[in-house]
Amino acid sequence: MSEEPGPAPSGTVDVPLDADAFEARSPHTLAESDRQHAFWADAAADAVEARVEAAEEAGERDPDDPIVVKGGISPSGVPHLGNMNEVMRGYFVAEVLRERGHEVRQVFTTDDRDPLRKVPRKLADLDGNVVGLGEVEDAGALGRNLGKPYTAIPDPFGCCDSYGDHFSELIRRSAEQLGVDIEIVSNTELYESGRLEDATRHVLANADRAREVLANYQNKVDADYVPFNPICAECGTVTETVTGIDLEAGTVDYRCTEMEAGDTTIGGCGHEGTATFREGKLPWRFEWPAQWRVLGVDFEPFGKDHAEGSWPSGDHIARAVFGDRPPVPMVYEWFTLNGEPFSSSAGNVVLAGEVLDLLEREVVHFFFAKDPKRARDFDITTLDQLVDEFDRFEQVILGEVEAPETERERAARVYPFVVDAVRPERVRIAYTFAAVLGMTDDTDLRETMARRSGHIPEGTPEWAVADALDRVPLARNWAVRTDNAYNYRLAETLPAVEFDDDTTAALADLADRIEADDPDDEALQEAIYGTARDHGVDVGDFFTAGYRLFLDEDQGPRLGPFLAALDSAFVVRRLRLEG
RNA sequence: GGGCUGAUAGCUCAGCCAGGCAGAGCGUCUGGCUCUUAACCAGACGGUCGAGGGUUCAAAUCCCUCUCAGCCCGCCA
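Residues numbered from 1 in each chain as written. Chains lettered and ligands numbered in written order. Predicted model: local features only at pLDDT ≥ 70, side-chain atom pairs only at ≥ 80, totals over all residues. Heavy atoms only, no water.

Looking at the overall build of chain A
Quick reminder of the rule: Counting from the N terminus, the helices are the DSSP runs of H or I reaching at least four residues and the strands are the DSSP runs of E reaching at least two. Relative accessible area decides the class of each residue, using a 1.4 Å probe on protein chains only: under 20% of the type maximum gives buried, over 50% gives exposed, and in between gives partly exposed. Only heavy atoms enter the contact rule, under which two residues are in contact if any of them lie within 4.5 Å. The accessible surface values rely on the Shrake-Rupley method and a 1.4 Å probe; as for residues, cover is taken only from the protein chains in view.
Helix and strand counts for chain A come out as 24 helices and 17 strands. Its C-alpha atoms give chain A principal-axis dimensions of roughly 105 × 55 × 35 Å. The buried share among the 579 residues of chain A stands at 53%. The long-range share in chain A, meaning contacts at least 24 apart out of those at least 6 apart in sequence, stands at 71%. Carbon and sulfur atoms make up 43% of the accessible area of chain A, which totals about 25500 Å².

Written as structure tokens, this is what we have:
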């Protein structure tokens, strides 16, 4: 197998093939930004605008074309919150560019032609419920499909056309739940439709150049290396032994040999055949630049794992092999979950949908709007702190609290990208208190308690009341999930209690006072103290008796306002130990 | 071993580009509210800005060295 070396592709003549002479662009775009911004997405947007301008001046790009922001992952398993960086980081840059008057498309490649390299231990159904491998119908089928593209493997849940489609659908749903409109592009579809055919032909036509450049980054590249992996027509695995190339016909000849896949070696079937350029895939290091070319990508964020390997080689290959201008890169740090790395196999995952059962979308956006250069822990036990931080951030921009100049500037710039609309009349119930309100499922009672406690001021518009109360089920879910100090439940029926005679008499007395005067929250609080004193009951013990009676706990929220907010007939009955 | 990125109050984080009094919130403590009770108000406590050195009138900020953590330096993606 030998190719005529041919002339260098246009646009690549000045690009050195040696990595020492090439000098890849640093992907740490934010750190290198020459302008200070309150919001990191502005710094990224500056770089994108500079790229677009340069490309237009060079005649490489039509000024009428929209700017393209891309992200992408393999649909290899459960798409967790950390994976959503690929969606959310690009989203903020896209929104900033839109605000600056650009038309922007946010595309997302699902790299579904990648081969399955190991059997996942955890899967998730389309509703986002994580299940163990053993819980699906034919778990063994996955093991028999090692080495095949995700889109060529049956969906273990039987609901989608393939394994790849299943997890791509989960990614799509997650993005939708986060309120981000992405155009999902199936990599398999790019190959099968022929959209990647020219790029594939180009790489193979310049195979010497491709080899020489990639050899800077990967040791296994030798004279026999062919930058194309055909799919075996016999066994369906992605294989790598190419024995001949026919550029004219757009085919390669191959022999299906064994292939290293992580720790395991996937045996080839030995089949010898011919595959078209649509029946295989480019190796990742070429595929990424090929996607940039075909989709016209201007900006691409990626995790720190790509910063030192894939990015420099991708930058180099785009320029030296394709003669293309690579997109503006941006490295983001990874998240951890509850202090540990996200790990599907260890079960340390949380999906976007699950998070949205605990937090308003705005709060999740707020989390993703923080500086991507910093590794962050998403700690479920302290979500109240995150929400408090968001609430304050909101109060700062609305001028409701004093704050240092820098904090005000940052809030003013970032806030509009985090919320759907800036609504000064909105009301937030403190997250922990919202969790406490979740002690009852009675929504009217929740509202009454929120109003009486001052969390919902007089004159709040109806929509704002409804929005504020929407936090209650979220905070309740959190309290239940973490089983923390805010996990109260209003005792629907009389708990098993035993009080001494003085306490019983005092409770009955308190019932009488409530029945007679219908005291407001402060008056009721006073009445509790007064009653305890009158009957010679220790105040602390009396409060505990109250919490026992209504919550079946030893502690609780401020008792006066709490009881005042409840239906008084119910309170009287309970105090008399009648039910 | 080499490279990249990060480290600021108990916790969550601003400030660093372009040097100018060490900041915010939460938590804690104290006090207030006729009142031990997770909602409210006031105040206080809390710092070797990871360590050391250099430049400078002045360093969290700029430079160098080091420590720790994550990632990359096989293959794959």
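Next, the rest of the story.
With respect to the pairing of strand β11 (residues 272-276)
Looking along a regular strand, one sees the side chains alternate between the two faces of the sheet. Rules: A pair of strands is treated as paired once DSSP finds two or more bridges between them.
Side chains of β11 alternate between two faces, with Gly273 and Ala275 buried and Glu272, Thr274 and Thr276 left unburied. Relative to β11, strand β8 (residues 251-255) runs antiparallel, the two sharing five bridges. Along β11, the bridge assignment pairs Asp253 with Thr274.

Digging into the packing of aromatic side chains
Keep this limit in mind: Between 30 and 60 degrees the pair is tilted, below 30 it is stacked and above 60 it is edge-to-face, where a pair is any two Phe, Tyr or Trp rings, Trp via its six-membered ring, whose centres lie within 6.5 Å.
Scanning the entire structure with this criterion turns up 28 aromatic pairs. Between the aromatic rings of Phe366 and Phe393, the centroid separation amounts to 4.8 Å while the plane-to-plane angle is 45°, which identifies the pairing as tilted. Note that Phe366 is positioned in helix α13 (residues 361-368) and Phe393 in helix α14 (residues 383-397), a separation of 27 residues in sequence. One exposure class covers both Phe366 and Phe393, and it is buried. Aromatic side chains Phe390 and Phe393 sit 6.2 Å apart centroid to centroid with 45° between the ring planes, which places their arrangement in the tilted category. You can see Phe390 and its partner Phe393 sitting in helix α14, three residues apart, about one turn around the helix. Take Phe390: its relative accessible area is 0%, and that puts it in the buried class. We classify Phe393 as buried; its relative accessible area is 5%.

Comments concerning the sheet that holds strand β17 (residues 376-378)
Strand order across the open sheet formed by three strands is β16-β15-β17, with mixed pairing between neighbours. What marks the edges here is a single partner per strand, and that holds for β16 (340-341) and β17. Both strand β15 (residues 335-337) and β17 contribute to a ladder of three bridges, which runs parallel. Opposite Phe335, over in β17, you have Arg376 as the bridge partner.

Structural notes on helix α15 (residues 405-418)
Each α-helix winds once per 3.6 residues, and so residues spaced three or four apart point in a common direction. Under the convention used in this document: Residue count minus one, scaled by 1.5 Å, sets the expected span of a helix. What is called the bend at a residue is the angle between a pair of axes, fitted to the seven residues leading up to and ending at it and to the seven starting from it.
Between its terminal C-alpha atoms α15 stretches 20 Å, which fits the 20 Å expected from 14 residues at 1.5 Å a residue. Taking the largest bend as the criterion, α15 deviates by roughly 30°, centred on Ala412, and proline Pro416 comes between one and four positions later. Along its buried surface, α15 packs onto α4 (85-99), α13 and α14.

Topic: the packing of α14 against α15
As a reminder of what qualifies: Helix axes use the C-alpha atoms of the stretch in contact, all axes being lines fitted to C-alpha atoms, and the angles between their N-to-C directions lie in the range 0 to 180 degrees. Put simply, angles under 35 degrees are roughly parallel, angles over 145 are roughly antiparallel, angles from 65 to 115 are roughly perpendicular, and the rest are oblique. Under the convention adopted here, Pro, Cys and the residues Ala, Val, Leu, Ile, Met, Phe, Trp and Tyr are nonpolar, Asp, Glu, Lys and Arg are charged, and Gly plus all remaining residues are polar.
Here α14 crosses α15 at 105°, and the two axes come no closer than 8 Å. By the criterion of interaxial angle, the relationship of α14 to α15 is roughly perpendicular. Here α14 contributes Phe390, Arg392, Phe393, Glu394, Val396 and Ile397 to the contact with α15, which in turn contributes Glu407, Arg408, Ala411, Ala412, Val414, Tyr415 and Val418. Looking at the contact of α14 with α15 residue by residue, the classes come out as nine nonpolar, no polar and four charged.

So, α4
Taking 1.5 Å of rise per residue, 15 residues should cover 21 Å, and α4 covers 21 Å from first to last C-alpha, within 8% of that figure. In terms of burial, α4 is a largely internal element, twelve of the 15 residues being buried. Buried residues of α4: Asn85, Glu86, Val87, Met88, Arg89, Gly90, Tyr91, Phe92, Val93, Ala94, Val96 and Leu97, and no others. Two residues or fewer past α4, Gly101 is found with a positive phi of approximately 100°.

Topic: the packing of helix α10 (residues 284-295) against helix α11 (residues 310-320)
Note the threshold: Less than a right angle of anticlockwise turn of the near helix away from the far helix marks a crossing as left-handed, whereas a clockwise turn marks it as right-handed.
Across the interface, α10 lies against α11 with an axial gap of 9 Å and an inter-helix angle of 60°. It follows that α10 is oblique to α11 by the angle criterion. In terms of crossing hand, the pair formed by α10 and α11 is right-handed. For the pair formed by α10 and α11, the contact residues are Trp284, Arg285, Phe286, Trp288, Pro289 and Trp292 on the first element and Ser310, Trp311, Ser313, Gly314, Asp315, Ile317 and Ala318 on the second.

A look at the pattern of salt bridges
Inclusion rule: Between Lys or Arg on one side and Asp or Glu on the other, a salt bridge is scored when a side-chain nitrogen of the former is within 4 Å of a carboxyl oxygen of the latter.
According to the stated counting rule, one finds 44 salt bridges in the structure shown. With a closest N to O distance of 2.8 Å, Arg172 and Glu169 form a salt bridge. Highlighted residues: Arg172 and Glu169, both in helix α6 (residues 163-177), separated by three residues, approximately one helical turn. The exposure class of Arg172 is partly exposed, given its relative accessible area of 32%.

Some words on the sheet that holds β8
An order of β7-β8-β11 is seen for the three strands of this open sheet, with the pairing classed as antiparallel. Two strands lie at the open edges of the sheet, namely β7 (241-246) and β11, each paired on one side alone. Direction aside, neighbouring strands of the sheet carry axes that sit 25° apart on average.

Some thoughts on the protein's contact with RNA strand B
Filter applied, for reference: Any residue with a heavy atom positioned within 4 Å of a molecule or strand is treated as near that molecule or strand. By the criterion applied in these results, polar contacts are pairs of N or O atoms within 3.5 Å in which, for protein atoms, one can donate a hydrogen and the other can accept it, and in which residues neighboring in sequence qualify only through two side-chain atoms.
Neighbouring residues of RNA strand B: 45 residues in total, closest Gln36, Asp114, Tyr529, Tyr547 and Arg558. Take the atoms of RNA strand B that sit within 4 Å of the protein: sugar and phosphate atoms are 63% of them. Here a sugar or linking oxygen of RNA strand B and a side-chain polar atom of Glu333 are 3.2 Å apart. Arg374 has a polar side-chain atom sitting 2.7 Å from a phosphate oxygen of RNA strand B. The set of elements that each furnish at least two residues to the surface near RNA strand B consists of α10, α14, α21 (521-534) and α22 (539-551).

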